[in-house]
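# Breakdown of the fold
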Amino acid sequence: MNTRYTFPRSCRLLKTDEFSSVFNFRCAKTGRFLNVYAQPNVTNASARLGIVVGKKQLRTAVARNLAKRVVRDVFRLHQHDLPNLDYIVRIIKPFTQDQSAIVRNELLLLLKKSKRCLDS
RNA sequence: GAAGCUGAUCAAGCAAUCGCUGCCUUGAGUAAUCAGGGGGGAGGAAAGUCCGGGCUCCAUAGAGCAGGAUGCCAGUUAAUGGCUGGCCGCCGUGAGGCGAGGAAUAGGGCCACAGAGACGAGUAAAUCCAUCGCAAGAUGGAUGGAUGUGAAACGCGGUAACCUCCAUCUGGAGCAAGACCAAAUAGGCAGGCGUUGAAGCUGCUCGCUGAGCCUGCGGGUAGGUUGCUUGAGCGUUUGGGUGACCAAACGCCUAGAGGAAUGAUUGCUCACGACAAAACCCGGCUUAUCGAUCAGCUUCACCU
RNA sequence: AGGGGUGUCGCCAAGUGGUAAGGCACUGGAUUUUGAUUCCAGCAUUCGUAGGUUCGAUCCCUACCACCCCUG
């Protein structure tokens, strides 16, 4: 049995209430490009992800989609190593395609940091 | 060799893994959907939306006015304000580049400053002559240029990218166009039954309240389907034309989403990768752009 | 997709082809023991950018850039 790396609907944050509850939990970690919020979730079996991309930061639809795709890809590949949390990733600064490696490392670091923040 | 001019082409490639999204197919499932396999998946500007056309709907007896656009001549095209060729003017040493380039005797307006005077007329100063006067000067006549001006000492002045005139073109809206299917709720129309009692309380009877109820139809909202990619298409060759372009033959099928799809990682190679992402479709224009290649040409320097 | 508007000093802005008003702010001076008020003076390197028409362009024309608004 090989582990699947898909990103089904059950692994996303969908409702506005879910987003605002994670924001109100106030466990945030900030990097150069990203801003990660986290909250433990009891109802779901796996980690869940929500992405916020502002129109002010990334003007065109292509840039927004690229940002979302990069974040989603990192989450997808590491979802089985992550604890049972709700994450929200917000993009603060725009980045281009050749900067995506830096962004990926930063996101992994921030995810680990937020886990430690919740444990303490 | 250096500096340029013009035209054309390309817009990193290959492999593996994990993902995204349509299409075809197989299986499971009532269905939504899920799983496997195959195959496809952004541009030269997709951009700005500046022109032109196709397509669709609405309007339309015919013609005109108004408004708008264009403006040397000829050609090309489905069409154009695009493009091509020629003439003329300007710029550049040159290859070349740029040009809304018709009419001022149809008419109106404007022409700052300077200058006597800005198109109506007319003479301020200067020179010469005559008269008067001691002189300063005054009056009359003649002169032709100078000053200043972008231009002019009156010449049928300049200006039409001021209005205008002339010639040509021009119905409007836009795929959220338009077509089809079609919940819930409200309302409409037709038929039937209803104060000789509809409907409700209520499963039945009594009782009470007291005007609607049933059936059918059509419009139409949410939503869905379609329009949606085979087209004034692309490539090669041949022929015609100075050229834009046209014709013929052969070959090819090349995104079609709907909160909006092309990414990530690893390895190798190289010019070390810019501007930038389709949304009904084409033809142009304009703008952004790391670079690379090819062809023709110009100028300068050096060598033979 | 279609349509409209704006861009002028740090801010608000006037300006109908002839060398860019005004107010606030700022700077300097005067007045005052000091400050505020008041008075005087100063402050525009391309009128968003680039071309064109014109003797001459903020103004007219064309293209572009940025921002805003409207209809669906």
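Just above, that's the structure.
All chains use their own residue numbering, which begins from 1 and follows the written sequence. In the order they appear in the text, chains get letters beginning with A and ligands get numbers beginning with 1. Totals for whole chains, interfaces and linings use every residue, but because this is a predicted model, local features are given only for residues with pLDDT of at least 70 and side-chain atom pairs only at 80 or more, for both listing and counting. Processing note: side-chain calculations cover all non-hydrogen atoms of the structure and skip hydrogens and water entirely.

## Describing the protein's contact with RNA strand B
Just so we agree on the cut-off: What makes a residue near a molecule or strand is one non-hydrogen atom of that residue sitting within 4 Å of it. The definition of a polar contact used here is a pair of N or O atoms within 3.5 Å, where within protein one atom must be able to donate a hydrogen and the other to accept one, and adjacent residues in sequence count solely through side-chain atom pairs. In DSSP terms, a helix is any run of H or I states spanning at least four residues, a strand is any run of E spanning at least two, and both are numbered starting from the N terminus. Basically, the charged four are Asp, Glu, Lys and Arg, the nonpolar ten are Ala, Val, Leu, Ile, Met, Phe, Trp, Tyr, Cys and Pro, and anything else, Gly included, counts as polar.
The immediate surroundings of RNA strand B are formed by 14 residues, with V62, N65, R69, Q97 and R104 found nearest. For RNA strand B, the backbone portion of the atoms within 4 Å of the protein, that is sugar and phosphate, comes to 86%. Side-chain polar atom of D73 to a sugar or linking oxygen of RNA strand B: 3.3 Å apart, as the coordinates give it. Here R76 contributes a side-chain N or O atom positioned 3.0 Å from a sugar or linking oxygen of RNA strand B. Take the surface near RNA strand B: its biggest share by element is seven residues, from helix α2 (residues 61-78). Of the residues in the surface near RNA strand B, the class split is five nonpolar, four polar and five charged.

## Quick word on the packing of aromatic side chains
Note the threshold: In this analysis, rings of Phe, Tyr and Trp, with Trp reduced to its six-membered ring, are considered paired at centre separations within 6.5 Å, and the interplanar angle assigns stacked below 30 degrees, edge-to-face beyond 60, and tilted for intermediate values.
Summed over the entire model, instances satisfying the criterion amount to one aromatic pair. Here F23 and Y37 contribute two aromatic rings whose centre-to-centre distance is 4.6 Å and whose plane-to-plane angle is 80°, an arrangement assigned as edge-to-face. Within this pair, whereas F23 is found in helix α1 (residues 16-25), its partner Y37 is found in strand β2 (residues 34-40), the two being separated by 14 residues in sequence.

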